[in-house]
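Below, each chain spelled out in residue letters.
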Amino acid sequence: NNRTQVQELAREVLVSLFPPFILDRYPSWFATPFPEFSAKMCAWATVVGGTWLMGECEVNDVPEMNGGGKNQGVLVKRCRFLEESQCASICVNSCKLPTQN
(Lines give C-alpha, C1' and ligand atoms only; values in the text may rest on other atoms or scores of the structure.)
Protein backbone atom coordinates (compact mmCIF):
# COMPACT_ATOMS: atom_id res chain seq x y z
CA ASN A 1 0.00 0.00 0.00
CA ASN A 2 1.45 3.37 -1.05
CA ARG A 3 0.29 5.14 2.10
CA THR A 4 2.09 2.63 4.33
CA GLN A 5 5.27 2.92 2.26
CA VAL A 6 5.26 6.72 2.51
CA GLN A 7 4.72 6.55 6.27
CA GLU A 8 7.56 4.06 6.69
CA LEU A 9 9.97 6.09 4.55
CA ALA A 10 9.13 9.24 6.51
CA ARG A 11 9.63 7.36 9.78
CA GLU A 12 13.05 6.18 8.58
CA VAL A 13 14.03 9.78 7.82
CA LEU A 14 12.95 10.88 11.29
CA VAL A 15 14.83 8.02 12.93
CA SER A 16 17.96 8.89 10.94
CA LEU A 17 18.02 12.33 12.60
CA PHE A 18 19.04 10.79 15.93
CA PRO A 19 22.12 8.80 16.93
CA PRO A 20 21.19 5.12 17.42
CA PHE A 21 22.31 5.07 21.05
CA ILE A 22 19.72 7.72 21.93
CA LEU A 23 16.88 5.84 20.26
CA ASP A 24 17.95 2.56 21.87
CA ARG A 25 18.16 4.02 25.37
CA TYR A 26 15.36 6.58 25.30
CA PRO A 27 12.61 4.20 26.48
CA SER A 28 14.56 2.93 29.49
CA TRP A 29 16.20 6.25 30.38
CA PHE A 30 13.25 8.61 29.89
CA ALA A 31 9.95 7.31 28.49
CA THR A 32 9.30 4.52 31.00
CA PRO A 33 10.61 6.05 34.24
CA PHE A 34 9.59 9.65 33.44
CA PRO A 35 6.65 9.58 31.00
CA GLU A 36 5.46 13.14 31.71
CA PHE A 37 8.95 14.60 31.43
CA SER A 38 9.54 12.52 28.29
CA ALA A 39 6.37 13.87 26.63
CA LYS A 40 7.35 17.45 27.49
CA MET A 41 10.86 16.90 26.14
CA CYS A 42 9.50 15.44 22.89
CA ALA A 43 7.14 18.40 22.46
CA TRP A 44 9.95 20.87 23.05
CA ALA A 45 12.30 19.02 20.66
CA THR A 46 9.57 18.97 17.99
CA VAL A 47 9.10 22.73 18.22
CA VAL A 48 12.83 23.42 18.18
CA GLY A 49 13.64 20.91 15.45
CA GLY A 50 10.53 21.09 13.31
CA THR A 51 9.84 24.78 12.93
CA TRP A 52 12.00 24.93 9.79
CA LEU A 53 9.60 22.52 8.08
CA MET A 54 6.24 23.30 9.62
CA GLY A 55 6.51 27.01 10.34
CA GLU A 56 5.48 28.68 13.58
CA CYS A 57 4.49 26.25 16.30
CA GLU A 58 4.36 26.15 20.07
CA VAL A 59 4.18 23.71 22.94
CA ASN A 60 0.64 23.44 24.29
CA ASP A 61 -1.49 21.43 26.72
CA VAL A 62 -3.25 18.20 25.79
CA PRO A 63 -6.32 18.15 28.06
CA GLU A 64 -7.48 14.68 26.89
CA MET A 65 -4.42 13.04 28.47
CA ASN A 66 -4.36 11.63 31.99
CA GLY A 67 -3.01 14.26 34.32
CA GLY A 68 -3.94 17.04 31.93
CA GLY A 69 -1.01 16.74 29.54
CA LYS A 70 0.44 20.13 30.53
CA ASN A 71 3.04 21.24 27.94
CA GLN A 72 2.96 17.84 26.23
CA GLY A 73 1.53 18.74 22.83
CA VAL A 74 2.58 20.77 19.82
CA LEU A 75 0.32 23.27 18.09
CA VAL A 76 1.33 23.97 14.51
CA LYS A 77 -0.15 27.38 13.82
CA ARG A 78 0.04 27.22 10.05
CA CYS A 79 1.88 24.31 8.46
CA ARG A 80 4.17 25.32 5.63
CA PHE A 81 4.44 21.71 4.49
CA LEU A 82 0.66 21.42 4.10
CA GLU A 83 0.36 24.80 2.39
CA GLU A 84 3.09 24.01 -0.13
CA SER A 85 1.86 20.52 -0.93
CA GLN A 86 -1.82 21.55 -0.90
CA CYS A 87 -2.64 17.95 -0.11
CA ALA A 88 -3.90 16.72 3.26
CA SER A 89 -2.94 13.13 2.41
CA ILE A 90 0.71 14.11 1.93
CA CYS A 91 0.58 16.01 5.23
CA VAL A 92 -0.95 13.10 7.15
CA ASN A 93 1.16 10.31 5.64
CA SER A 94 4.51 12.11 5.29
CA CYS A 95 4.52 14.08 8.51
CA LYS A 96 1.68 13.76 11.03
CA LEU A 97 1.40 9.96 11.38
CA PRO A 98 5.14 9.17 11.14
CA THR A 99 5.84 11.80 13.79
CA GLN A 100 3.14 10.53 16.12
CA ASN A 101 4.23 6.93 15.71
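That block above? That's the structure.
How each quantity is defined
Residues numbered from 1 in each chain as written. Predicted model: local features only at pLDDT ≥ 70, side-chain atom pairs only at ≥ 80, totals over all residues. Heavy atoms only, no water. Helix = DSSP H or I, 4+ residues; strand = E, 2+ residues; numbered from the N terminus. Buried < 20%, exposed > 50% of the residue type's maximum accessible area, 1.4 Å probe, protein only. Areas by Shrake-Rupley, 256 points an atom, 1.4 Å probe, with all protein chains shown as cover. Lys, Arg positive; Asp, Glu negative; His and termini not counted. Charge placed at Lys NZ, Arg CZ, Asp CG, Glu CD. Axes fitted to C-alpha atoms, helices over the stretch in contact; angles between N-to-C directions. Parallel < 35°, antiparallel > 145°, perpendicular 65-115°, else oblique. Contact = heavy atoms within 4.5 Å. Nonpolar A, V, L, I, M, F, W, Y, C, P; charged D, E, K, R; others polar. Left-handed = near helix turned anticlockwise from the far one by under 90°.

A. Just the overall build of the protein chain, in detail. When helices and strands are counted, the protein chain shows 5 helices and 2 strands. For the protein chain, the succession of helices and strands along the chain, N to C, is α-α-α-β-β-α-α. With respect to the principal axes defined by its C-alpha atoms, the protein chain has extents near 40 × 30 × 25 Å. The 101 residues of the protein chain split such that 18% are buried. About 7,400 Å² of surface is accessible on the protein chain, with carbon and sulfur atoms providing 61% of the total. Mean positive and mean negative side-chain charge positions of the protein chain (9 and 10 charges, respectively) differ by 1 Å.

B. A look at the packing of helix H2 (residues 20-31) against helix H3 (residues 35-54). Where H2 contacts H3, the two axes come as close as 8 Å, and the packing angle between them is 125°. As summarised for this structure, H2 and H3 are arranged oblique, according to the angle between their axes. Only Pro 35, Phe 37, Ser 38, Met 41 and Cys 42 of H3 make contact with H2, whose side of the interface consists of Tyr 26, Phe 30 and Ala 31. Of the residues contributing to the contact of H2 with H3, the split by class is 7 nonpolar, 1 polar and no charged.

C. Representation of the environment of Ala 31 within the structure. Its location among the elements puts Ala 31 in helix H2. Here Ala 31 falls in the partly exposed class, since its relative accessible area comes to 29%. Between the C-alpha atom of Ala 31 and that of Met 41, which follows or precedes it by 10 residues, the distance is 9.9 Å. Setting aside chain neighbours within four positions, we find Ala 31 in contact with Tyr 26 and Ser 38.

D. Geometry of the packing of helix H1 (residues 2-16) against helix H5 (residues 88-100). Between H1 and H5, the shortest axis-to-axis distance is 8 Å and the interhelical angle comes to 60°. Relative to H5, H1 is oriented oblique. Viewed along their axes, H1 and H5 form a crossing whose handedness is right-handed. Each of Arg 3, Val 6, Gln 7, Ala 10, Arg 11 and Leu 14 in H1 lies in contact with H5, whose residues at this interface are Asn 93, Ser 94, Leu 97, Pro 98 and Thr 99. Partitioning the contact of H1 with H5 into residue classes produces 5 nonpolar, 4 polar and 2 charged.

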